[in-house]
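Residues per chain are reported as follows:
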Protein chains: 2
Amino acid sequence: MMNVPLTVGSLLERAEKFFPKKQVVSRTLSGIHRFTYKEIGERTRRLASALEKLGVEKGDRVGTFAWNHHRHLEVYFAAPGMGAVLHTINIRLSPEHVSYIINHAEDKVLLVDEDLVPLIERSKDQFKTVEAYIIMTDKDELPETTLEPVYSYEELLREGSPEFEFVKDLDENDPAGMCYTSATTGNPKGVVYSHRGIVLHSFAFGLADTAALSETDVVLPVVPMFHANAWGLPFAATWFGSTQVLPGPLFTPKLLADLIEQEKVTFTAGVPTIWLGLLNELEKGSYDTSSLRSIVCGGSAAPRGMIKAFETKYKIPFLHAYGMTETTPLATVSRLKSYQVGLEEDEILDIRSKQGLLVPGLEMKVIGGNGEVKWDGEEMGELLLRGPWIADEYYKDERSADAFRDGWLYTGDVATVDEEGVIKLVDRTKDLIKSGGEWISSVDLENALMAHEAVFEASVVAVPHQQWQERPIACVVLKEQYRGKVDKQEILEFIAPQFAKWWLPDDVVFMEEIPKTSVGKFLKRALRDQLKDHLVQNS
Amino acid sequence: MMNVPLTVGSLLERAEKFFPKKQVVSRTLSGIHRFTYKEIGERTRRLASALEKLGVEKGDRVGTFAWNHHRHLEVYFAAPGMGAVLHTINIRLSPEHVSYIINHAEDKVLLVDEDLVPLIERSKDQFKTVEAYIIMTDKDELPETTLEPVYSYEELLREGSPEFEFVKDLDENDPAGMCYTSATTGNPKGVVYSHRGIVLHSFAFGLADTAALSETDVVLPVVPMFHANAWGLPFAATWFGSTQVLPGPLFTPKLLADLIEQEKVTFTAGVPTIWLGLLNELEKGSYDTSSLRSIVCGGSAAPRGMIKAFETKYKIPFLHAYGMTETTPLATVSRLKSYQVGLEEDEILDIRSKQGLLVPGLEMKVIGGNGEVKWDGEEMGELLLRGPWIADEYYKDERSADAFRDGWLYTGDVATVDEEGVIKLVDRTKDLIKSGGEWISSVDLENALMAHEAVFEASVVAVPHQQWQERPIACVVLKEQYRGKVDKQEILEFIAPQFAKWWLPDDVVFMEEIPKTSVGKFLKRALRDQLKDHLVQNS
């Protein structure tokens, strides 16, 4: 067979050739703009040519600090198309982490959204490698800025050549992109995506049994383009010639609902909080969402009630998926097998609430205390992944040795596998409670606690115990009107029927508030610190 | 990203793990048999282990001479799974060609269907490398045979180990399969398929915008497993966990119609003559074909009338596709683009009659007299293909230099490309008529001629001409009842409105019969020889 490398540039070329009339709908600060793939292709080539003039060479990192819009999409293809590396930077990181990853990745050029310039300005003095800033704006004049040297994106395009040829003779294992993922402690860790990985992942995304992405789709990636390649959607949607709707800066649930109705969106993807917001908006207003054939939900587990509301009340098929920055990211998708279609609604909802089946092209293992777990939906173990779009290291980072071992990625996620091979995430390894040689899922206990009408929030953590090594303690925040009216006993009795006796928390600690991370996740490390002597004191 | 090779063995492993209960329905001489993927996986491992005991090593060729059934499927995975090479042999070849390709491929072991043993016996004395014959039969006793040493497939399986591990550490560019394709003159030419090529082709087959093959499908490959990997269906269908229905030896249109009804087939694939036969059968009998979601048709151009009958009369979506042995084989699929769905029935039929759009992952060029042709649906040129599942040579064959040049496969097919990038095959390069620097399609003229009610068969060939270099001559066989009642003039006037004047044949030669090849195609070479002085004599 021909030795033809899989390259990111070829994805855009297909859209230019076969779908020149199809559109990218882009919302920026000045409103909605429409570009055909012919235009996007030409603009991307102009950008690559301009970057080359600025001194960007093969292998150099090109940073982006931007929302989801057409210019960001152009950088997605211009950087890898010229053999450079697209480095998408999370705009929500602390100034310290922004400086750290820009220096660690050694970004040569930084493309920044007009409204995000102040965020970059406050870190810029720390940057050691950035040689040029390019501001992405619809306006003719650049905003006042202390960044320098500074260029206007559109002016560079005017000077660039629309005939720029994407490099073809590269090694498909060469880097095409990179993204940093937060660590529990310390600095973010970098993941490098190869051309091969991105193209194979795009194939996987188009399969009938995964996301079935198609030319007929109108795709709205709500997941940010600065996070895990917006789950690979910009690459796959361009390749297949789908219409793309990029929601731009600071969107609201109302804006998303409007876009879905006006642009007849068929396929959208984001995290559970986005869909909770949309659900709330759909209940307030009156929107036509009949064009939607799939809402993809990942990032964290989707609540069963939310899935049910979308599927039964709004008739919008819900596709629960799982992946991480290290996995490009698609790893599993929850779909019914052909012989499950006739099951009862409740059973179907059970399946849809799990993370699903491994996508073709990857391998998995779930390793518990005694090797690979039984596929019984009960035994828990850490999920290990392997395959051509799974990272094999963190970029120049000693922490690689923890996560990448014997050719496998140790995801840090604890899962069960049912008889059908479907995985369900039950915890993070570090949050799991190891009691007397057995494992207890903090997530399962939390879900049960939060089903109590008086409970506003609940977090369960492991606390050291002399006899059992660790035991669970429940931290509970009651709703205002219930404070002082509900006691430990009632809470424990409420959840008792759902669990083996040894799973039940040894204590319930009522709190005013549960400490949280900057992105709103429970800060279990702080709780564990706070409670580390709790069972010693109490015993 | 991890350096994980794409391997054929991993495709079956996915079916074993995630779809162990799904079935392969296999028709053999003794009737219908059902095997789960768990059983197929175990039997395949036993077979690989048995082949190893027989001395098959990495890189050795394992020949098959067989119909479509479960045992053939097992060899499809056992040979590449152990690092050997699956060599499928066309059972319709002449004894000379069978000997040639077995010797040229240097097959070490030959697996032969019970009813095909006599065909092998008549060539066996010529075989130089075959060390063992394995007979595939349902019976306990082997048939009387002069083949030796000879083994029973099922007995070998009983002795093989179900624990055999497929090799994982191979180079994905290593050969996994091979197939010989007929040449116009001389011996067949060998095409070698790599593990990488087969896996990428399987990805392409599962895309929503190509064949969208899925676990929910019940797949009936009518295209023989001895021809271009049955278009890759056994690999892709196994990977995705589709149910497979393998129709076995000497099937009839009635048998196919029965299988479609009884097994609720959703997806089937074959050449136009198969579908003409099925259409005829559907018109005679009463069959429930409502399960069918796709009939894939390739191998040669599907007549417009047949496509229309399936689509409008039987409501069976028809998927016209194109490929060749050298392209693994899927290269194009004819599907409507999203904005074409509202077109008139006739326009839709026009699109469906073309060979379609290039599948993601491949590149194409159409080269005419003046470089790349205009995408106007008019200008003709030779189709060139490039990509990771396109062959880069014929196996140990000097004729490679003609077909593989500058990194492209010269397909020998002449095509037009319309404004949407959709290709339509109009001729073979060698059958095209080059008149005064312009090209005339023999196929277009033949289709027009055959639409005349008096015409039974028509073939148009190029004949040397002093002034114009070549001119078309039409060879026409009239239906019995019209013989002597229709003249040249009437025939030419009938087709005249459809063509530019200079396209019209210089003469119409009535014949009793048009000479044909062993597989029923017009033998145009013979016609050209016969008519080479026709325009000299007539002028």
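What comes next is a walk through the structure. (Residues numbered from 1 in each chain as written. Chains lettered and ligands numbered in written order. Predicted model: local features only at pLDDT ≥ 70, side-chain atom pairs only at ≥ 80, totals over all residues. Heavy atoms only, no water.)

Now for the overall build of chain A. Helices and strands together make up the secondary structure of chain A, namely 17 helices and 27 strands. In terms of C-alpha radius of gyration, chain A reaches 24 Å, essentially the compact-globule figure of 24 Å for 539 residues. When its C-alpha atoms are laid out on the principal axes, chain A stretches across 75 × 55 × 55 Å. A burial count over chain A gives 60% of its 539 residues as buried. Long-range pairs, those at least 24 residues apart, make up 68% of the contacts in chain A with a sequence separation of at least 6. Taken together, the 58 basic and 81 acidic charged side chains of chain A have centroids lying 2 Å from each other. (Helix = DSSP H or I, 4+ residues; strand = E, 2+ residues; numbered from the N terminus. Rg over C-alpha atoms; globule rule 2.2 N^0.38 Å. Buried < 20%, exposed > 50% of the residue type's maximum accessible area, 1.4 Å probe, protein only. Contact = heavy atoms within 4.5 Å. Lys, Arg positive; Asp, Glu negative; His and termini not counted. Charge placed at Lys NZ, Arg CZ, Asp CG, Glu CD.)

Attention now moves to a negative patch on the surface. Residues and elements named next belong to chain A. There is a patch of like negative charges on the surface, built from D140, E141, E155 and E159. With respect to the helices, strands and loops of the structure, E159 is situated in helix α6 (residues 153-159). Taking the relative accessible area as the measure of exposure, E159 reaches 52% and is therefore exposed. (Patch = residues over 30% accessible without salt bridge, like charges linked within 9 Å, V, L, I, M, F, W, Y side chains within 5 Å. Areas by Shrake-Rupley, 256 points an atom, 1.4 Å probe, with all protein chains shown as cover. Salt bridge = Lys/Arg side-chain N within 4 Å of Asp/Glu carboxyl O.)

Once that is clear, we can look at the packing of helix α7 (residues 195-206) of chain A against helix α8 (residues 233-240) of chain A. Residue and element names in this part refer to chain A. Their axes nearest at 9 Å, the elements α7 and α8 cross at an angle of 70 degrees. By the angle between their axes, α7 is roughly perpendicular relative to α8. As for how α7 packs across α8, the hand of that crossing is right-handed. Side by side, α7 and α8 meet where I198, V199, S202, F203, F205 and G206 of the first sit next to L233, F235, A236, W239 and F240 of the second. Across the contact of α7 with α8, the residue classes break down as nine nonpolar, two polar and no charged. (Axes fitted to C-alpha atoms, helices over the stretch in contact; angles between N-to-C directions. Parallel < 35°, antiparallel > 145°, perpendicular 65-115°, else oblique. Left-handed = near helix turned anticlockwise from the far one by under 90°. Nonpolar A, V, L, I, M, F, W, Y, C, P; charged D, E, K, R; others polar.)

To continue, consider the relation of the copies chain A and chain B. Each copy of the sequence occupies a distinct position, and chain A is placed on chain B by a rotation of 180 degrees and an axial shift of 0.0 Å, giving an RMSD of 0.1 Å. Taken together, the rotation and translation describe the operation of a two-fold axis. Among all C-alpha atoms of chain A, that of L207(A) lies closest to the rotation axis, at 2.1 Å. When the interface residues of chain A are mapped onto chain B, 100% of them again lie at the interface, so the same face is used by both copies. (Least-squares fit on C-alpha atoms with pLDDT ≥ 70 in both.)

Moving on to the sheet that holds strand β13 (residues 294-297) of chain A. All names here are of chain A. Taken together, nine strands build an open sheet; the order of strands is β2-β1-β11-β10-β12-β13-β14-β15-β16 and the sheet is mixed. A strand with exactly one partner marks an edge of an open sheet, and here the two such strands are β2 (31-36) and β16 (357-358). Sheet topology places strand β10 (residues 218-221) next to strand β12 (residues 267-270); three bridges connect them, and they run parallel. Paired with V219 across the two strands is F267, which belongs to β12. (Pairing = 2+ DSSP bridges.)

All names here are of chain A. The sheet contact formed by strand β21 (residues 408-417) and strand β22 (residues 423-428) spans five bridges and is antiparallel. Paired with A415 across the strands is L425, a residue of β22. Where β21 folds back onto β22 in an antiparallel hairpin, the turn is made up of five residues, including G421, whose phi is positive at roughly 85 degrees.

This part takes up helix α3 (residues 70-81) of chain B. Residue and element names in this part refer to chain B. A rise of 1.5 Å per residue sets the reference length of α3, with its 12 residues, at 16 Å; its end C-alpha atoms lie 16 Å apart and thus fit the reference within 8%. Counting buried residues along α3, 12 of its 12 residues qualify, which places the element largely inside the surrounding structure. Looking one or two residues beyond α3, the residue adopting positive phi is G83, at roughly 90 degrees. (Expected span 1.5 Å × (residues − 1).)

All names here are of chain B. Looking at where T411 falls in the secondary structure, it is placed in strand β21 (residues 408-417). Residues T411 and F499, spaced 88 residues apart in sequence, show a C-alpha to C-alpha distance of 26 Å. With near-sequence residues (within four places) excluded, T411 lies in contact with Y322, M324, E382, L383, L385 and R428.

L111(A), F203(A), L213(A), L111(B), F203(B) and L213(B) are the most contacted members of the largest nonpolar core, which has 194 residues in total. The contacts of F203(B), once residues within four sequence positions are left out, are L200(A), F203(A), A204(A), L207(A), P360(A), G361(A), W389(A) and W239(B). (Core = buried A, V, L, I, M, F, W, Y, C linked by side-chain atoms within 4.5 Å.)

With 59 residues of chain A at the interface, the matching set in chain B holds 59 residues. Summed over both sides, the interface of chain A with chain B buries roughly 4,700 Å², with 62% coming from carbon and sulfur. Among the residues of chain A in contact with chain B, M1(A), M2(A) and F18(A) are the three that bury the most area, contributing 21% of the side total. Between the two partners, chain A and chain B, sit six salt bridges. Taking the shortest distance from any N to any O, the salt bridge between E172(A) and R196(B) comes out at 2.7 Å. Along the contact surface separating chain A from chain B lie 20 residue pairs in polar contact (both at pLDDT 80 or more). Tallied by class, residues from the side of chain A that touches chain B come to 34 nonpolar, 11 polar and 14 charged. (Buried area = accessible area lost by both parts, 1.4 Å probe. Polar contact = N/O pair within 3.5 Å; in protein donor to acceptor, adjacent residues only side chain to side chain.)

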